[in-house]
Amino acid sequence: MRTSHRLDSIPMSGIRKMFDLARPDSINLGLGEPDIEPPAAAVEGMNEAALAGLNRYGPTAGIPALRESVAKRFSGFGDLTAGNVMITPSGSSALLEVAMSFLDPGDEVLIPSPGFVIYGPHAVLAGGKGVEYRLTEGDFQPDIEDIEAKITPRTKMLMVNNPSNPTGGVLEEEPYKALLDLADDRDLMIVADEVYNEFVYEGVHRSFIPRLDRAVVINGFSKTMAVTGWRMGIAIANEDAMEDLVKMQYHLCASPAMPSQYGILKAMPGLDGYLANARTVFKRRRDLISDRINEIPGMCITPPKGAFYAFPSFDCDISSADLAMMLVREGLICTPGSAFGKYGEGHLRFSYAADESKIEAGMDILAATVKKIRR
Ligand SMILES: Cc1ncc(COP(=O)(O)O)c(C=O)c1O
């Protein structure tokens, strides 16, 4: 069987590669998933649904009660109804559905760099092309001049990830407004990936929901309810775009998983309390990992304001891939910055969705390894 040229031209994720090299006793700060348990109500709701026989296909856009509940939850950002919400089989598939629904062959997609690893491949799978734009160093805001310079007549889509994986950056007001002005001036569609919107430790989350005339917003429950294995995402769009997305989702999977949706639905009323606790835990770990990193000569980080990733820079004469490889051999799994695009070099990504003792032990390994290299 011959692989398609599209698939052939994209690499396997750099994140997964590190796991293949890991020792069984390694400290894993590589994974982008919360280590806390899901809300108990979610697990109950899923079990109840499965036991009650809700194990068949459901509505393509998701069960109405969950669509409504999601619309209500996000209505603080704009005037939303259930008709603006589709439940998807993961944030990842929602992103692919958007690419497949709105890109034509040759279309260009501006993607943040460093940025989440699937944006570029999705553009390619949909027949288009990803063009990396730079995030500024330190606070990791979109570099508006760089974006402007990279717009061509084929540019159709502008990806924004707020809060950001891998940087933990949270979009500030000025770049937020500048992105919207640019999209208006140059007639670009915005795809805003907001899966970490509940994990902001300082400042506020600026959603693109108020601009559904120009934006499709992606979210999900993987991070919000610590259910990465349930595969539950969200697409929020205006009614025209929603019609396209529902058509695409029908052809992709017919409908999202039924028991998972009922589980999520049952946990929605208690979500604020659950998240307040999760944010307290993650903020404490963020402070710990930032302090530990900044104590290491040659490493530097501005404490990230959101998500659960630390993305420090290092000042050593070695590539991020080689440094990450050395760390894996020493028993610490992390991800090289270069896995997140050309502007990610010179950095490492650590997930701090791991308990404090693991963060401490991981940072001991990091400090000892960097010391060896700099000698
Ligand atoms: C920025 C970002 N977007 C989307 C996703 C996809 O999440 P899921 O497919 O689990 O909903 C992830 C997962 O790591 C992510 O980091």
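Rules used in this analysis
- Residues numbered from 1 in each chain as written.
- Predicted model: local features only at pLDDT ≥ 70, side-chain atom pairs only at ≥ 80, totals over all residues.
- Heavy atoms only, no water.
- Helix = DSSP H or I, 4+ residues; strand = E, 2+ residues; numbered from the N terminus.
- Polar contact = N/O pair within 3.5 Å; in protein donor to acceptor, adjacent residues only side chain to side chain.
- Contact = heavy atoms within 4.5 Å.
- Core = buried A, V, L, I, M, F, W, Y, C linked by side-chain atoms within 4.5 Å.
- Buried < 20%, exposed > 50% of the residue type's maximum accessible area, 1.4 Å probe, protein only.
- Domains from an automatic or database assignment.
- Axes fitted to C-alpha atoms, helices over the stretch in contact; angles between N-to-C directions.
- Parallel < 35°, antiparallel > 145°, perpendicular 65-115°, else oblique.
- Left-handed = near helix turned anticlockwise from the far one by under 90°.
- Buried area = accessible area lost by both parts, 1.4 Å probe.
- Salt bridge = Lys/Arg side-chain N within 4 Å of Asp/Glu carboxyl O.
- Nonpolar A, V, L, I, M, F, W, Y, C, P; charged D, E, K, R; others polar.

Caption draft 1: Representation of the side chain of Thr88. Within the fold, Thr88 resides in strand β2 (residues 85–88). Within the structure, the side chain of Thr88 is placed 2.8 Å from the backbone oxygen of Ser90, a separation counted as a polar contact. When neighbours within four sequence positions are excluded, Thr88 is seen to be in contact with Ser93, Ala94, Glu97, Arg231, Met232, Gly233, Ile234, Ala235, Gln249 and Pro256.

Caption draft 2: Region of the structure containing the nonpolar core. Ranked by size, the top nonpolar core spans 114 residues in total, and within it Phe208, Phe221, Leu348, Phe350 and Leu366 carry the most contacts. Sorting elements by how many residues they give to this core places helix α11 (residues 271–294) first, with eight residues. Domain assignment of the residues forming this core places at least three in each of domain 1 (5–37 + 272–374) and domain 2 (40–270). Setting aside anything within four residues of it in sequence, one finds Phe350 in contact with Leu29, Ile289, Ile293, Phe308, Tyr309, Ala310, Pro312, Leu332, Cys334, Met363 and Leu366.

Caption draft 3: Up close: the packing of helix α4 (residues 64–73) against helix α10 (residues 258–267). α10 packs onto α4 with a crossing angle of 40° between their chain directions and a minimal axis gap of 10 Å. Taken together, the axis directions place α4 and α10 in an arrangement best described as oblique. For α4 against α10, the interelement crossing comes out left-handed. Only Gln261, Ile264 and Leu265 of α10 make contact with α4, whose side of the interface consists of Ala65, Leu66 and Ser69.

Caption draft 4: Molecular detail of the domain arrangement of the protein chain. When the domains of the protein chain are assigned, the result is domain 1 (5–37 + 272–374) and domain 2 (40–270). Computed over C-alpha atoms only, the centres of domain 1 and domain 2 are separated by 24 Å. Listed as interface residues are 38 residues of domain 1 and, on the opposing side, 38 residues of domain 2. The largest per-residue losses of area from domain 1 upon contact with domain 2 belong to Lys305, Phe340 and Tyr343, which jointly make up 22% of the total buried on that side. Our count for the domain 1 to domain 2 interface comes out at four salt bridges. Arg286 is paired through a salt bridge with Glu202; the nearest N and O atoms lie 2.8 Å apart. On the surface where domain 1 and domain 2 come into contact, there are 22 residue pairs in polar contact (both at pLDDT 80 or more). For the side of domain 1 that touches domain 2, the secondary structure elements donating two or more residues are α1 (5–8) and α11. The biggest single contributor to the side of domain 1 that touches domain 2 is α11, with nine residues. In terms of residue class, the side of domain 1 that touches domain 2 is built from 18 nonpolar, 10 polar and 10 charged.

Caption draft 5: Structural detail: unusual backbone geometry. Cis geometry marks the peptide bond from Ser113 to Pro114; its omega dihedral reads 0°. Structurally, Pro114 can be placed in the loop between β3 (108–113) and α6 (119–125). Positive phi, close to 55°, is recorded for Asp187, a residue that is not glycine. Its place among the elements puts Asp187 in the loop between α8 (173–186) and β6 (189–193). Positive phi is not limited to glycine here, since Ala307 has a value of about 60°. Turning to its location among the elements, Ala307 is positioned in the loop between β9 (299–300) and β10 (309–310). On the basis of relative accessibility, which here comes to 0%, the residue Ala307 falls in the buried class.

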